[in-house]
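Structural overview for review
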Protein chains: 2
Amino acid sequence: MSKIITISREFGSGGRELGRRLAEELKIAYYDQEIVSEIAKRTELSEHYIRAVEERQPPFSFPIHIGRSFYPAPNPAWEQHMTVYQEQSRIIREMADKSDCVIVGRCADYVLRDRKPLRLFVYAELESKMRRCREKAPADEHLTDKELRQKIRDMDKHRSKYYEFLTGNTWSDKLNYDFCINTTDRVIKDLVPVIARLF
Amino acid sequence: MSKIITISREFGSGGRELGRRLAEELKIAYYDQEIVSEIAKRTELSEHYIRAVEERQPPFSFPIHIGRSFYPAPNPAWEQHMTVYQEQSRIIREMADKSDCVIVGRCADYVLRDRKPLRLFVYAELESKMRRCREKAPADEHLTDKELRQKIRDMDKHRSKYYEFLTGNTWSDKLNYDFCINTTDRVIKDLVPVIARLF
């Protein structure tokens, strides 16, 4: 049985750390920045631009699987977004073909649905996510509590819209995942051996 | 650290089996029928009646924590329901005081919230729940697919209303639980050693 783990996660829930540590524990590949670099190589778009496309809400509201024919008229921004999404899905499939791996975000649970990955959703209470964000914030980030709360809400809203756009499903719906893990008051490192046992 | 595990579960998801096996694996108490028997002993209501109260939607719609004073006038059915709920909570707390245990349903996650139990929510896709129900159905149960689907939906709706009434929270909200476990296409027995590792 191949080991492919996809992690969807709320902003500040520690999902990325969980993914990285899980890959270490299982001695399998961890794909994150590699995906961005590979898209950049293939599309000649900048990594900075690709990250922005990945992190922001799609500039259109209906799900991608409805098909392009419904969209009034293509425009350059739309075309570039579509290029990023398509390359991203292609690269994720190639990486999963190549070796066992952990992939964080990017609707990998949906892209790889035929491969039956172990699909995790990582979440936490807002206060806990704020604490994690503070701990990991760059030294020059000085957000008030109100600003940070808003940032977390916005990021999760974007992820939700992005997921819905690419998959037609609801991001936070438990049924899209095998296990949902609440990291409130939990040390990510301690969860890793348990999750690794799911194989 | 005391081992108290509460399990909320969708009808047909295998949550009860998971609870029973988990208690066996961890060699701790498993409380289910004992709670009903104990309520019966203390209230002189029949076990059959108590089960019906536990399994059916509360006969009033606002959450219990709003307080009795808002309710227009007490009536015997209401009083009996309240008696069952109160005894049930008291017994759950006594059992958790007595020893490590697994408690299935009955809003035990909320009743024991000060004890920081490990709170699990067990769910599955509808088709999977239908298969489990068919496997476990008594020989004389002959429901059509449509009837079974409706039964599952009704049971989950009742559990949801019951939880909301007693706790003021949303039953299916991930944030009320530490781990949510999708049992679709999973063998419950195989999940047990993994979940047991959470301690």
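Below is a summary of the structure that appears in this document. (Residues numbered from 1 in each chain as written. Chains lettered and ligands numbered in written order. Predicted model: local features only at pLDDT ≥ 70, side-chain atom pairs only at ≥ 80, totals over all residues. Heavy atoms only, no water.)

Time to look at the overall build of chain A. Secondary structure summary: chain A contains eight helices and five strands in total. Shown N-terminal to C-terminal, the secondary structure of chain A runs as helices and strands in the order β-α-β-α-α-α-β-α-β-α-α-β-α. On C-alpha atoms alone, chain A measures out to a radius of gyration of 17 Å, which is about the 16 Å that the 2.2 N^0.38 rule sets for 199 residues. Referenced to the eigenvectors of the C-alpha coordinate spread, the extents of chain A come out at roughly 50 × 45 × 30 Å. Relative to its 199 residues, chain A shows a buried fraction of 50%. Restricting the contact set of chain A to residue pairs at least 6 apart, pairs at least 24 apart contribute 73%. Only carbon and sulfur atoms are counted for the fraction: they give 48% of the accessible area of chain A, which is about 10100 Å². Looking at chain A, you have 35 positive and 32 negative side-chain charges, and the mean spots of the two groups are 2 Å apart. (Helix = DSSP H or I, 4+ residues; strand = E, 2+ residues; numbered from the N terminus. Rg over C-alpha atoms; globule rule 2.2 N^0.38 Å. Buried < 20%, exposed > 50% of the residue type's maximum accessible area, 1.4 Å probe, protein only. Contact = heavy atoms within 4.5 Å. Areas by Shrake-Rupley, 256 points an atom, 1.4 Å probe, with all protein chains shown as cover. Lys, Arg positive; Asp, Glu negative; His and termini not counted. Charge placed at Lys NZ, Arg CZ, Asp CG, Glu CD.)

This paragraph deals with helix H4 (residues 76-98) of chain B. Since there are 3.6 residues in each turn of an α-helix, residues three or four apart along the chain are aligned in direction. Taking 1.5 Å of rise per residue, 23 residues should cover 33 Å, and H4(B) covers 33 Å from first to last C-alpha, within 8% of that figure. Listed in full, the buried residues belonging to H4(B) are Trp78(B), His81(B), Met82(B), Val84(B), Tyr85(B), Glu87(B), Gln88(B), Ser89(B), Ile91(B), Ile92(B), Met95(B) and Ala96(B). (Expected span 1.5 Å × (residues − 1).)

So, about the packing of aromatic side chains. Residue and element names in this part refer to chain B. The final tally for this structure, using the stated rule, is ten aromatic pairs over all chains. A centroid spacing of 5.7 Å and a plane angle of 55 degrees characterise the contact between Tyr-85 and Phe-165, whose relative ring orientation is tilted. Placement of the pair is Tyr-85 in helix H4 and Phe-165 in helix H7 (residues 145-167), with a sequence separation of 80 residues. You'll find Tyr-85 and Phe-165 in the same group, each marked buried. (Phe/Tyr/Trp six-rings, centres within 6.5 Å; stacked < 30°, edge-to-face > 60°.)

Should the sulfur atoms of two cysteines be covalently bonded, the bond is a disulfide. Counted according to the given criterion, the structure contains zero disulfides over all chains. Lacking any disulfide linkage, Cys101(A) is separated from the closest cysteine sulfur, that of Cys107(A), by 16 Å. For Cys101(A), a relative accessible area of 0% translates into the label buried. No disulfide involves Cys133(B); its nearest neighbouring cysteine sulfur is the one of Cys180(B), lying 20 Å away. (Disulfide = S-S within 2.5 Å.)

What follows covers the nonpolar core. In this structure, Ile35(A), Ile103(A), Ile35(B) and Ile103(B) are the most contacted members of the largest nonpolar core, which totals 64 residues. If we skip the residues at most four places from it in the chain, Ile103(A) touches Ile5(A), Thr6(A), Ile7(A), Tyr31(A), Ile35(A), Ile92(A), Ala108(A) and Leu112(A). Of all hydrophobic cores here, the second largest spans 44 residues; its members include Ala23(A), Leu26(B), Val102(B) and Leu191(B). (Core = buried A, V, L, I, M, F, W, Y, C linked by side-chain atoms within 4.5 Å.)

Our focus in this paragraph is the packing of helix H1 (residues 15-26) of chain A against helix H8 (residues 188-196) of chain A. Residues and elements named next belong to chain A. At a closest axis distance of 9 Å, the pairing of H1 and H8 adopts a crossing angle of 50 degrees. Taken together, the axes of H1 and H8 are oblique relative to one another. Read as a crossing pair, H1 and H8 show a hand that is right-handed. Between H1 and H8, the residues in contact are Glu-17, Leu-18, Arg-21, Leu-22, Glu-25 and Leu-26 and Ile-188, Lys-189, Leu-191, Val-192, Pro-193, Ile-195 and Ala-196, respectively. For the contact of H1 with H8, a count of residues per class yields nine nonpolar, no polar and four charged. (Axes fitted to C-alpha atoms, helices over the stretch in contact; angles between N-to-C directions. Parallel < 35°, antiparallel > 145°, perpendicular 65-115°, else oblique. Left-handed = near helix turned anticlockwise from the far one by under 90°. Nonpolar A, V, L, I, M, F, W, Y, C, P; charged D, E, K, R; others polar.)

With that settled, the discussion passes to the relation of the copies chain B and chain A. The transformation that overlays chain B on chain A combines an axial shift of 0.0 Å with a rotation of 180 degrees, and the residual RMSD is 0.0 Å. Accordingly, the operation relating the two chain copies is best matched by a two-fold axis. Considering only C-alpha atoms, the part of chain B nearest the rotation axis is Cys180(B), at 2.4 Å. Taken together, the interface assignments show that 100% of the residues at the interface of chain B recur at the interface of chain A, consistent with an identical surface on both copies. (Least-squares fit on C-alpha atoms with pLDDT ≥ 70 in both.)

Attention now goes to the environment of Ala23(B). Residue and element names in this part refer to chain B. On the secondary structure map, Ala-23 appears in helix H1 (residues 15-26). Residue classification places Ala-23 among the buried positions, given a relative accessible area of 2%. When the C-alpha atoms of Ala-23 and Asp-100 are compared, they prove to be 9.2 Å apart, with 77 residues separating the residues in sequence. Not counting residues within four places of it along the chain, the set of residues in contact with Ala-23 comprises Ile-28, Ala-29, Tyr-30 and Val-102.

What follows deals with the packing of helix H6 (residues 126-136) of chain B against H7(B). Residues and elements named next belong to chain B. One can describe the packing of H6 onto H7 by two numbers: an axis separation of 10 Å at closest approach and a directional angle of 105 degrees. Classified by the angle their axes make, H6 and H7 are roughly perpendicular. Contact residues: Leu-126, Glu-127, Lys-129, Met-130, Cys-133 and Arg-134 in H6; Asp-145, Leu-148, Arg-149, Ile-152, Arg-153 and Asp-156 in H7.

This part is about the pattern of salt bridges. All names here are of chain B. For the structure on display, the rule yields 36 salt bridges over all chains. A salt bridge links Glu-94 to Arg-42, with the shortest nitrogen-to-oxygen separation between them at 2.5 Å. Linking Glu-94 in helix H4 with Arg-42 in helix H2 (residues 33-43), this pair joins segments that are 52 residues apart in sequence. Glu-94 gets classed as partly exposed once you look at its relative accessible area, which sits at 36%. (Salt bridge = Lys/Arg side-chain N within 4 Å of Asp/Glu carboxyl O.)

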